[in-house]
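# Fold and geometry: a report
Listed below, chain by chain, are the residues.
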Amino acid sequence: MPEGDTIHHAANRIRPVLAGREPSEILTPQPRHRPGRWPERLGGRVVESVDAHGKHLFLRFAGGLTLHSHLRMTGSWGVYAAGARWRRSPRRAWLILRCEDAEVVQFDGPVLELLSEDRVRVDPRLAGLGPDVIGPDFEEPLFLRRLREGDPTRPIGDALLDQRTLAGIGNLWKAESCFAAGVDPWRRTGEVPDAEALAIVAFAREQMAVSARDGFTARPRAVYRRGGEPCPRCGTQIRRRGQWEDNRLTFWCPGCQR
Ligand SMILES: [Zn+2]
């Protein structure tokens, strides 16, 4: 599943292809996007920047128009040399941006919209996002303030998935970061001291930055999807149970996470 590192990795691959350039062709093959006339509205405009914030990706065009994408569980971005075979079927492409030597494709993206920069600034889904866990301007005090504003009885694992508290963490990074910091993801947030909350985030920041640079094969896998296996730290059997609103599985070691 795409988490913040996946989106930053995509942005890092798209940026050298598109930033500062005017795409030679823009296509929106899905019928639902035809009324938006994006090729006409974006044609002739330079891509000024390619930014990620948490799990959101923004392609900012000259003139204050921004393509906003969120992949949820199913979407992906691809960057290909011109003419190379795509990893998914062309029928699943939502957006194709071509330059002379490369093409950028979004597949199966459940959220893909063209917004004005003003709208990006006030849209509650975007304006309310917490600090980006991988962002260069991540501020610990802001994260702690958002964390303490939330319900102190909710488990820390839930709080980490709340994108208003911290943007970019998904199920894998929640499980692995709590494990690395020795914190039980079920412990109430109010009973997790600042130092431990920051230790969880420090691990996520450091490791997600590696994965954003090198790709998902660089992700740690100590407990995630290892339910029933022995803990690599203490040998206790790793447990799994559904957590958060859509009951996504969390993984933890009851022996060494407190
Ligand atoms: Zn353990």
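Provided above is the structure to which this section pertains.
In this report, the structure presented in the accompanying data block is examined. Not measured: the values here are computed from a predicted model. (Residues numbered from 1 in each chain as written. Predicted model: local features only at pLDDT ≥ 70, side-chain atom pairs only at ≥ 80, totals over all residues. Heavy atoms only, no water.)

## A look at the overall build of the chain
Within the chain, the secondary structure is distributed over eight helices and 10 strands. In terms of its C-alpha atoms, the chain occupies a principal-axis envelope of roughly 60 × 35 × 30 Å. Relative to its 258 residues, the chain shows a buried fraction of 53%. The long-range fraction of contacts in the chain, counting pairs at least 24 apart against all pairs at least 6 apart in sequence, stands at 64%. Per element, the accessible surface of the chain, about 12,000 Å² overall, is 49% carbon and sulfur. The average position of the 40 basic charges and that of the 33 acidic charges among the side chains of the chain differ by 6 Å. (Helix = DSSP H or I, 4+ residues; strand = E, 2+ residues; numbered from the N terminus. Buried < 20%, exposed > 50% of the residue type's maximum accessible area, 1.4 Å probe, protein only. Contact = heavy atoms within 4.5 Å. Areas by Shrake-Rupley, 256 points an atom, 1.4 Å probe, with all protein chains shown as cover. Lys, Arg positive; Asp, Glu negative; His and termini not counted. Charge placed at Lys NZ, Arg CZ, Asp CG, Glu CD.)

## Regarding the coordination of the zinc ion
Those protein atoms acting as donors to the zinc ion are Cys 231 (SG), Cys 234 (SG), Cys 253 (SG) and Cys 256 (SG), and they sit at 2.2 to 2.4 Å. In this structure, the zinc ion is surrounded by four donor atoms whose angles at the metal cover 98 to 117 degrees, and the resulting shape is tetrahedral. Sequence positions of the residues that donate to the zinc ion give the spacing C-x2-C-x18-C-x2-C. Remark: Cys 256 occurs in the segment after strand E10 (248–252) and Cys 231 occurs in the loop between helix H8 (194–214) and strand E9 (239–243); sequence separation between them is 25 residues. Here Cys 231 and Cys 256 have matching classes, each one buried. (Donors = N, O, S within 2.8 Å, 3.2 Å for Na, K, Ca; no water. Tetrahedral: all angles 85-135°; square planar, octahedral: opposite > 155°, others 65-115°.)

## Side note on the nonpolar core
Core analysis: the largest hydrophobic core is formed by 34 residues, its most contacted members being Val 133, Phe 143, Ile 156, Leu 166 and Ile 169. Residue assignment for this core shows that the elements contributing at least two residues are helix H5 (140–149), helix H6 (156–161), helix H7 (171–181) and H8. Ala 11, Trp 38, Leu 57 and Leu 95 belong to the second-largest nonpolar core, a separate cluster that totals 27 residues. (Core = buried A, V, L, I, M, F, W, Y, C linked by side-chain atoms within 4.5 Å.)

## Remarks on the packing of aromatic side chains
In this structure the tally under the stated criterion is five aromatic pairs. A centroid spacing of 5.8 Å and a plane angle of 75 degrees characterise the contact between Trp 86 and Phe 107, whose relative ring orientation is edge-to-face. Of this pair, Trp 86 sits in the loop between strand E5 (76–81) and strand E6 (93–98) while Phe 107 is found in strand E7 (residues 102–107), placing the two residues 21 residues apart along the sequence. Since its relative accessible area comes to 14%, Trp 86 is described here as buried. With 6.3 Å between their ring centres and 40 degrees between their planes, Phe 138 and Phe 143 make a pair best called tilted. Residue Phe 138 shares its accessibility class with Phe 143, and that shared class is buried. Following the ring pairs from residue to residue traces out a cluster consisting of Tyr 80, Trp 86 and Phe 107. The aromatic ring of Phe 179 is capped on one face by Arg 233, whose charged end is 3.9 Å from the ring centroid. One residue, Arg 241, lies across the ring of Trp 186, its end atom 4.2 Å from the ring centre. (Phe/Tyr/Trp six-rings, centres within 6.5 Å; stacked < 30°, edge-to-face > 60°. Lys NZ or Arg CZ within 6 Å of the ring centre and 35° of its normal.)

## Points about the pairing of strand E2 (residues 47–53)
By the bridge criterion, six bridges tie E2 to strand E3 (residues 56–61) in an arrangement that is antiparallel. Looking across to E3, one finds that Asp 51 is bridged to Phe 58. Between E2 and the antiparallel strand that follows it, E3, lie two residues; Gly 54 among them carries a positive phi value of about 60 degrees. (Pairing = 2+ DSSP bridges.)

## Quick look at the sheet that holds strand E1 (residues 25–27)
Strand order in the open sheet formed by four strands is E1-E6-E7-E5, with antiparallel pairing between adjacent strands. The open sheet has two free edges, formed respectively by E1 and E5, since each of these has just one partner strand. Ignoring strand direction, the axes of neighbouring strands in this sheet form an average angle of 15 degrees. Of the strand pairs in this sheet, E5 and E7 are connected by six bridges, and their pairing is antiparallel. Bridging from a neighbouring strand, Tyr 80 pairs with Glu 103 of E7. (Axes fitted to C-alpha atoms, helices over the stretch in contact; angles between N-to-C directions.)

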